[in-house]
Amino acid sequence: MKKIGAVLTTTVLALGVATIPAPPADAAPTKFKNCTMLNQTYKGGVAKNATVRNKGGKTKYAPTVNTALYNNNKGLDRDKDGIACER
């Protein structure tokens, strides 16, 4: 009886994991309309790379580092410090 329960549990878990959709590998990074929308997803904004530093002073949240996402939202980087919509 324990073997049947173990096999059944394993099968259900395997099927559950197999049905989770994976994001497409070639999906383009999102372009946000404004900083309010970007900050809903990325609280600290989006940085071009890990070495950029904020020019505007202290921030509350650390930015997410993603070059492609930054490039799509480069227009939202008002102070041109390499971090779009920092908070």
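The present account deals with the structure reproduced in this document. (Residues numbered from 1 in each chain as written. Predicted model: local features only at pLDDT ≥ 70, side-chain atom pairs only at ≥ 80, totals over all residues. Heavy atoms only, no water.)

**Concerning the overall build of the protein chain**
Working step 1: Scanning the protein chain from N- to C-terminus turns up 3 helices and 3 strands.
Working step 2: Start at the N end of the protein chain and walk to the C end: the helices and strands fall as α-α-β-β-α-β.
Working step 3: By residue count, 22% of the 87 residues in the protein chain fall in the buried class.
Working step 4: The long-range share in the protein chain, meaning contacts at least 24 apart out of those at least 6 apart in sequence, stands at 56%.
Working step 5: For the protein chain, the computed accessible surface area is about 6,600 Å², with 61% contributed by carbon and sulfur atoms. (Helix = DSSP H or I, 4+ residues; strand = E, 2+ residues; numbered from the N terminus. Buried < 20%, exposed > 50% of the residue type's maximum accessible area, 1.4 Å probe, protein only. Contact = heavy atoms within 4.5 Å. Areas by Shrake-Rupley, 256 points an atom, 1.4 Å probe, with all protein chains shown as cover.)

**A word on the state of the cysteines**
Working step 1: Tallying each qualifying case throughout the model produces 1 disulfide.
Working step 2: Two residues share a disulfide in this structure: Cys-35 and Cys-85, whose sulfurs sit 2.0 Å from each other. Taking the torsion about the sulfur-sulfur bond, which here is approximately -75°, the covalent link between Cys-35 and Cys-85 counts as left-handed. On the criterion of sequence distance, the pair formed by Cys-35 in helix α2 (residues 35–41) and Cys-85 in the segment after β3 (83–84) is long-range, its members being 50 residues apart. (Disulfide = S-S within 2.5 Å.)

**Describing the nonpolar core**
Working step 1: Counting residues in hydrophobic clusters, the biggest one holds 9 residues: Phe-32, Cys-35, Leu-38, Val-46, Leu-69, Tyr-70, Leu-76, Ala-84 and Cys-85.
Working step 2: When contributions to this core are tallied by element, the ones reaching two or more residues are α2 and α3 (67–72).
Working step 3: Not counting the four nearest positions on each side in its chain, Ala-84 is found in contact with Leu-38, Gly-45, Val-46, Tyr-70, Asn-73, Leu-76 and Asp-77. (Core = buried A, V, L, I, M, F, W, Y, C linked by side-chain atoms within 4.5 Å.)

**Description of the sheet that holds β3**
Working step 1: If you walk across this open sheet you meet the 3 strands as β2-β1-β3, and the pairing is mixed. Each end of this open sheet is capped by a strand with a single partner; those strands are β2 (64–65) and β3.
Working step 2: Note that strand β1 (residues 46–47) and β3 share 2 bridges and pair antiparallel. By the bridge assignment for β3, Ala-47 is matched with Ile-83. (Pairing = 2+ DSSP bridges.)

**A word on the side chain of Asp-81**
Working step 1: The residue Asp-81 is located in the loop between α3 and β3 in this model.
Working step 2: Buried charge without a salt bridge: Asp-81, with Lys-55 as the nearest opposite-charge side chain at an N-O distance of 6.7 Å.
Working step 3: Residues within four places of Asp-81 in sequence aside, it is in contact with Val-52, Arg-53, Asn-54, Lys-55 and Glu-86. (Lys, Arg positive; Asp, Glu negative; His and termini not counted. Salt bridge = Lys/Arg side-chain N within 4 Å of Asp/Glu carboxyl O.)

**Details of unusual backbone geometry**
Excluding glycine, residues mostly carry a negative phi; peptide bonds, for their part, are mostly trans.
Working step 1: A positive phi angle is found at Lys-80, which is not glycine, with a value near 55°.
Working step 2: By secondary structure assignment, the location of Lys-80 is in the loop between α3 and β3.
Working step 3: Residue Cys-85 is not a glycine yet carries a positive backbone phi of 60°.
Working step 4: Of the residues examined, Cys-85 reaches a relative accessible area of 5% and is grouped as buried.

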